[in-house]
Amino acid sequence: MPELPETETIARDLDAALRGVRLGLATVIRPDVLRGERDAAAFAARSEGATVTRVWRRAKLVVVELSNALRLAVQPRFTGALLIHKGAFLGDEFTCIVWPLSDGRTLTYRDVRRLGTVALLNDAQWSAYERALGVEPLGEVFTADSLSGILRSSRQAVKAVLMDQRRIAGIGNIYAT
């Protein structure tokens with residue numbers, strides 16, 4: 001499962017490749033990956049025509065900020081991936097969502113096991129989601145003292161505290177181990 005370092009790398013690469021590109025009308029092939037909105041047509045319509053203003057990481061999410069004040073929040077989990085294809089691409093058997101891009105390329109969300117999720121969140125929805133997440137390990141407020149305080153405030157095993165996304169965002173089993 002991608003954890004903080006992998007997701008950070010994915011987000012940085014996508015930011016360089018997608019910033020300033022406009023999304024076309026998405027084709028949702030596998031609506032079971034959608035969260036918060038099961039209507040594939042509504043999901044597609046809400047993102048159509050928006051320009052990517054920034055791609056970044058929060059916890060284990062890849063966050064695609066759009067010019068229409070929405071955020072595409074992708075949690076890849078074990079086998080999910082956001083991929084950019086040269087030219088038109090209709091997908092393969094594991095493609096869940098396809099976005100044509102204004103520059104002629106295609107963005108897809110592909111997930112072999114379909115354990116990942118894709119959500120299109122407005123400001124209020126994003127704020128509610130983000131409030132439930134803990135401190136960012138790469139942020140300035142995450143220090144040895146803050147980590148010590150987090151660990152001392154719990155009676156759980158250290159690994160369980162490290163993996164609790166409400167305390168520290170982005171650490172999973174591999175890095176906690």
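Up top is the structure these notes are about.
What comes next concerns the included structure. Worth saying up front: this structure is predicted, and the values here are computed from it rather than measured. (Residues numbered from 1 in each chain as written. Predicted model: local features only at pLDDT ≥ 70, side-chain atom pairs only at ≥ 80, totals over all residues. Heavy atoms only, no water.)

Remarks on the sheet that holds strand S3 (residues 61-66)
Read from one edge to the other, the open sheet built from 4 strands follows the order S2-S3-S4-S8, with strand pairing classed as antiparallel. A single partner strand is all that each edge strand has here, and the edge strands are strand S2 (52-58) and strand S8 (117-121). Across the sheet, the mean angle from the axis of one strand to that of its neighbour is 20°, orientation sign disregarded. Sheet topology places strand S4 (residues 71-75) next to S8; 5 bridges connect them, and they run antiparallel. In the sheet register, Leu72 faces S8, and the bridge partner there is Leu120. Helix H1 (residues 4-18) contacts S2 and S3 of the sheet and is inclined by roughly 175° relative to S2. Along the sheet, helix H2 (residues 40-47) contacts S3, S4 and S8; its crossing angle with S8, the most-contacted strand, is approximately 55°. (Pairing = 2+ DSSP bridges. Helix = DSSP H or I, 4+ residues; strand = E, 2+ residues; numbered from the N terminus. Axes fitted to C-alpha atoms, helices over the stretch in contact; angles between N-to-C directions. Contact = heavy atoms within 4.5 Å.)

Describing the environment of Trp56
Among the secondary structure elements, Trp56 is positioned in strand S2. Judged by relative accessible area, Trp56 falls into the buried class, the value being 17%. Residues in contact with Trp56, not counting those within four places in the same chain, are Ala11, Leu61, Val62, Val63, Glu65, Trp126 and Glu130. A distance of 2.8 Å separates polar atoms of two side chains, one belonging to Trp56 and the other to Glu65. (Buried < 20%, exposed > 50% of the residue type's maximum accessible area, 1.4 Å probe, protein only. Polar contact = N/O pair within 3.5 Å; in protein donor to acceptor, adjacent residues only side chain to side chain.)

Here we look at the pattern of salt bridges
Two side chains with opposite charge may pair up if their charged atoms get near one another. Tallying each qualifying case throughout the model produces 14 salt bridges. Linking Glu136 and Arg58 is a salt bridge whose minimum nitrogen-to-oxygen distance equals 2.7 Å. With Glu136 in the loop between helix H3 (123-131) and helix H4 (144-152) and Arg58 in strand S2, this pair connects stretches of sequence that are 78 residues apart. Assessed through its relative accessible area of 16%, Glu136 is described here as buried. Judged by its relative accessible area of 10%, Arg58 is buried. We note a salt bridge from Arg166 to Asp164, for which the minimum N-O separation is 3.0 Å. The exposure class assigned to Arg166 is exposed, which follows from its relative accessible area of 63%. The class for Asp164 is buried, based on a relative accessible area of 12%. Taken together, the shared-partner salt bridges connect Glu8, Arg12, Arg57, Arg58, Glu130 and Glu136 into one network. (Salt bridge = Lys/Arg side-chain N within 4 Å of Asp/Glu carboxyl O.)

Re the pairing of S2
Among the 7 residues of S2, 5 are classified as buried, and the element is accordingly described as predominantly covered. Taken together, the 6 bridges between S2 and S3 define a ladder with antiparallel strand orientation. When the bridges of S3 are listed, Val52 appears paired with Leu66. Linking S2 to S3, which pair antiparallel, is a turn of 2 residues; within it Ala59 sits at a positive phi near 60°.

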